[in-house]
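The primary structure of each chain is shown beneath.
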Amino acid sequence: MSDHSTTERLNENDILDIFKETGALLQGHFLLTSGKHSARYMQCAQVLQYPRKAAVLGKELARKFEGMEIQTVIGPAMGGIVVAHEVGRNLGIKSIFTERQNGEMALRRGFKLEPGEKVLVVEDVITTGGSVKEVINIVKEAGAVPVGVGVLVDRSGGKADFDGLLLHSLIQMNIEAYEPDDCPLCKQGIPWEKPGSRGIK
C-alpha cells in the first residue's frame, strides 16, 4: 500500500484510491443504518485501521477548517472517534466523542463542553446525517457553539443539511439506496448483509 506524503494536498481521486486500496468501498447487497438497502457500501473502518492512512485523511479534513478558532472536535462513537482524534491532532486541539446510553446519544467518561466553546462535529460517513444531528444537539444543549461539520464521505448526494452549518467532506458519493419494499437486489433474491456498527431502530 502506498503512503501519501503528509505535506502534499490530495484531490478527490487520490482519496478515493486510498479507500479502494484498503478495501473500504464494498460491492454487494447491504442493509444500511437508515433501514434502506444499497449495492455499494463505504466501510470507513477498513481504511481507518491503518494509522498512516487515518493520519493522511485527518490532516486533509483538518485543512478545510483551519483558521476557524475551533476549540474542540467531537464525533459519535464508533465511526467518528478516530476521525475526531486525527482532526483534533492536526488542529492542535482536544478531541472527544459521544456514545449511546439507553439508545440516546450522550457525553460520557467525564467529557464536558463549556458555554461558548467552538466545536467542530466530525463523522466518517453520512447518509441521512442522523448521528451528526444528535451530536450537534448535544453541543447546543451544553451551551457550546457548533461551527461546522466535517466528514470523510458524504453519501447523501449533497442532500444532508445541518441547519445551514458549514459542511466539508473529503469525497462525495451518490450511492443509490432503496426502500426494502422497492429494492431490486431483494427482487433478484440476493441476500443482504449488514456491514455497519449499530442496530437498526
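Check the entry above for the structure.
Before going into details, it helps to say that this report is about the structure given with it. (Residues numbered from 1 in each chain as written. Predicted model: local features only at pLDDT ≥ 70, side-chain atom pairs only at ≥ 80, totals over all residues. Heavy atoms only, no water.)

### Comments concerning the sheet that holds strand S9 (residues 177–178)
Each strand in a sheet pairs with another by means of backbone hydrogen bonds, the pair being arranged parallel or else antiparallel.
Part 1 of the reasoning: The antiparallel open sheet is built from three strands, whose spatial order is S1-S2-S9. In this open sheet, the two edge strands, each paired with only one partner strand, are strand S1 (25–31) and S9. (Pairing = 2+ DSSP bridges. Helix = DSSP H or I, 4+ residues; strand = E, 2+ residues; numbered from the N terminus.)

### Points about the packing of aromatic side chains
Part 1 of the reasoning: A complete count under the given rule lists two aromatic pairs for this structure.
Part 2 of the reasoning: Judged by centre distance (5.8 Å) and plane angle (45°), the ring pair of Phe 30 and Tyr 41 falls under tilted. Residue Phe 30 is found in strand S1, and its partner Tyr 41 is found in strand S2 (residues 37–42); the two are separated by eleven residues along the sequence. The two residues Phe 30 and Tyr 41 agree in class, both being buried. (Phe/Tyr/Trp six-rings, centres within 6.5 Å; stacked < 30°, edge-to-face > 60°. Buried < 20%, exposed > 50% of the residue type's maximum accessible area, 1.4 Å probe, protein only.)

### Concerning the state of the cysteines
Part 1 of the reasoning: Going through the model one piece at a time under the given rule, you end up with zero disulfides.
Part 2 of the reasoning: Cysteine Cys 183 shares no disulfide, and the gap to the nearest cysteine sulfur, in Cys 186, comes to 3.8 Å.
Part 3 of the reasoning: With relative accessibility at 31%, the residue Cys 186 sits in the partly exposed group. (Disulfide = S-S within 2.5 Å.)

### What about the layout of surface pockets?
Part 1 of the reasoning: Computed from the structure, the second largest pocket encloses a volume of approximately 210 Å³.
Part 2 of the reasoning: What lines the second largest pocket is Ser 34, Lys 36, Thr 127, Thr 128, Arg 155, Ser 156, Gly 157, Lys 159, Asn 174, Ile 175 and Ala 177.
Part 3 of the reasoning: Across the lining of the second largest pocket, the residue classes tally to two nonpolar, six polar and three charged. (1 Å grid on protein atoms, 1.4 Å probe; cavity = no way out; pocket = protein on both sides within 12 Å on 5 of 7 lines; lining within 4 Å. Points joined across faces, edges and corners; volume = space filled by probe spheres on them. Nonpolar A, V, L, I, M, F, W, Y, C, P; charged D, E, K, R; others polar.)

### Notes on the sheet that holds strand S8 (residues 167–172)
Part 1 of the reasoning: Pairing within the open sheet is mixed, and its six strands lie in the order S5-S4-S3-S6-S7-S8. Since the sheet does not close on itself, it has two edges, and those belong to strand S5 (104–107) and S8, each with one partner. Strand-to-strand twist in this sheet, taken as the mean axis angle between neighbours without regard to direction, amounts to 25°.
Part 2 of the reasoning: Judged from the three bridges that link them, strand S3 (residues 72–76) and strand S6 (residues 118–126) form a sheet pairing that is parallel. The partner of Ile 74 across the bridge, within S6, is Val 121.
Part 3 of the reasoning: Lying on the sheet, helix H1 (residues 12–21) is in contact with strand S7 (145–154) and S8; it crosses S8 at an angle near 65°. (Axes fitted to C-alpha atoms, helices over the stretch in contact; angles between N-to-C directions. Contact = heavy atoms within 4.5 Å.)

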